[in-house]
Amino acid sequence: MVHFVGAGSGAADLITVRGAKLLGEADVVIYAGSLVNPELLSYTREGCEIHNSAKMTLEEVLEVVKKAESEGKTTVRLHTGDSSIYGAVREQFDELEALGIDYDVCPGVSSFCGAAASLKAEFTLPDVSQTVIITREAGRTAVPEKESIASLAAHQATMVLFLSASLTEKLQKNLLEGGYPADTPAALVYKATWPDEQILRCTVGTLHQTVKDSGLTKTALIIEGNCMGDEYVRSKLYDPAFTTEFREAKQ
Ligand code: SAH
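Visitor: Would you mind going over the packing of aromatic side chains with me for this structure?
Guide: Two numbers describe a pair of aromatic rings. These are the distance of the centres and the angle of the planes. In this structure the tally under the stated criterion is four aromatic pairs. Ring centres of Phe 4 and Phe 93 lie 4.9 Å apart, and the angle between their planes is 90°; this geometry places the pair in the edge-to-face category. On the criterion of sequence distance, the pair formed by Phe 4 in strand E1 (residues 2-6) and Phe 93 in helix H3 (residues 90-99) is long-range, its members being 89 residues apart. Note on Phe 4: relative accessible area 1%, which makes it buried. Taking the relative accessible area as the measure of exposure, Phe 93 reaches 15% and is therefore buried. Ring centres 4.9 Å apart and planes at 15° place the aromatic pair Phe 93 and Tyr 103 in the stacked group.

Visitor: I tried to follow the sheet that holds strand E6 (residues 132-136) on my own but got confused; where do I start?
Guide: By definition, the strands of a sheet pair up through backbone hydrogen bonds, in either a parallel or an antiparallel sense. Pairing is mixed in the open sheet, where five strands are placed in the order E6-E7-E10-E8-E9. Taken across any chain shown, the strands that pair with only one partner, and hence form the sheet edges, are E6 and strand E9 (198-203). On average, each strand axis in the sheet is tilted by 20° relative to the strand beside it, whichever way the strands run. When strand E8 (residues 185-190) meets strand E10 (residues 220-224), the two strands line up antiparallel, connected through five bridges. For Ala 186, the partnering residue across the bridge sits in E10 and is Glu 224. Taken strand by strand, helix H4 (residues 111-119) contacts E6, strand E7 (158-162), E8, E9 and E10, and its axis lies near 65° from that of E10. Along the sheet, helix H7 (residues 207-214) makes contact with E8, E9 and E10, crossing E9 at roughly 150°.

Thresholds applied
Residues numbered from 1 in each chain as written. Predicted model: local features only at pLDDT ≥ 70, side-chain atom pairs only at ≥ 80, totals over all residues. Heavy atoms only, no water. Phe/Tyr/Trp six-rings, centres within 6.5 Å; stacked < 30°, edge-to-face > 60°. Helix = DSSP H or I, 4+ residues; strand = E, 2+ residues; numbered from the N terminus. Buried < 20%, exposed > 50% of the residue type's maximum accessible area, 1.4 Å probe, protein only. Pairing = 2+ DSSP bridges. Axes fitted to C-alpha atoms, helices over the stretch in contact; angles between N-to-C directions. Contact = heavy atoms within 4.5 Å.

Shown next as structure tokens:
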């Protein structure tokens, strides 16, 4: 059995209770060493076999899993954040299916949620934006043309960019071209929820210069949108004049 487990965004206590339990029971752990906090390995039991997938190919990962299966062992594949976001898990799922190896998935706190907490931001603010776009600037991995940053920017929704902190020159140009006004609030969150987290606040127009000056081009998210501004309207849910399934209007 293979359990894919989301490690959470950084702080070791942000793994789910279920994820920590699975780690504690595993015979073999393969963790994404480039981004997973190594402190999480302290949840494993003594004698647990540990592999760092940052130094492995997909084929090598599968070899470890196959060997563990043949010995009747349980494997945890520990991915950073939540494995559904840039996790490269689908290719593993398909190989396991082909091999007839059973697996399941335990969700994790994605770094975009970790970053929202660090920023104390609400990404979906009434009358400002009711949409969160999760995307990346095209780098060595291409992005489909119909999802170009400029076309997504036209919505002026809350946008969270993964894997893009080293591409801010191109990114800023695309965001502005697409339709965000230059004074739209923006932020870079470096190592959200890690002890050495850093937050830089700027605007879409000053994004590239701010990030360049900081030198923080890895393990960072870039977020833009008026959800980080000062204007919004109150929610209907907690409005005294609004009746819901659970509460009568007070006026
Ligand atoms: N599955 C992960 C994302 C993996 S892609 C998740 O759900 O968060 C790797 C990218 O995620 C990094 O380049 C960076 O853009 C972002 N990232 C991961 N952890 C981060 C953190 N703690 N703070 C900021 N960005 C992070």
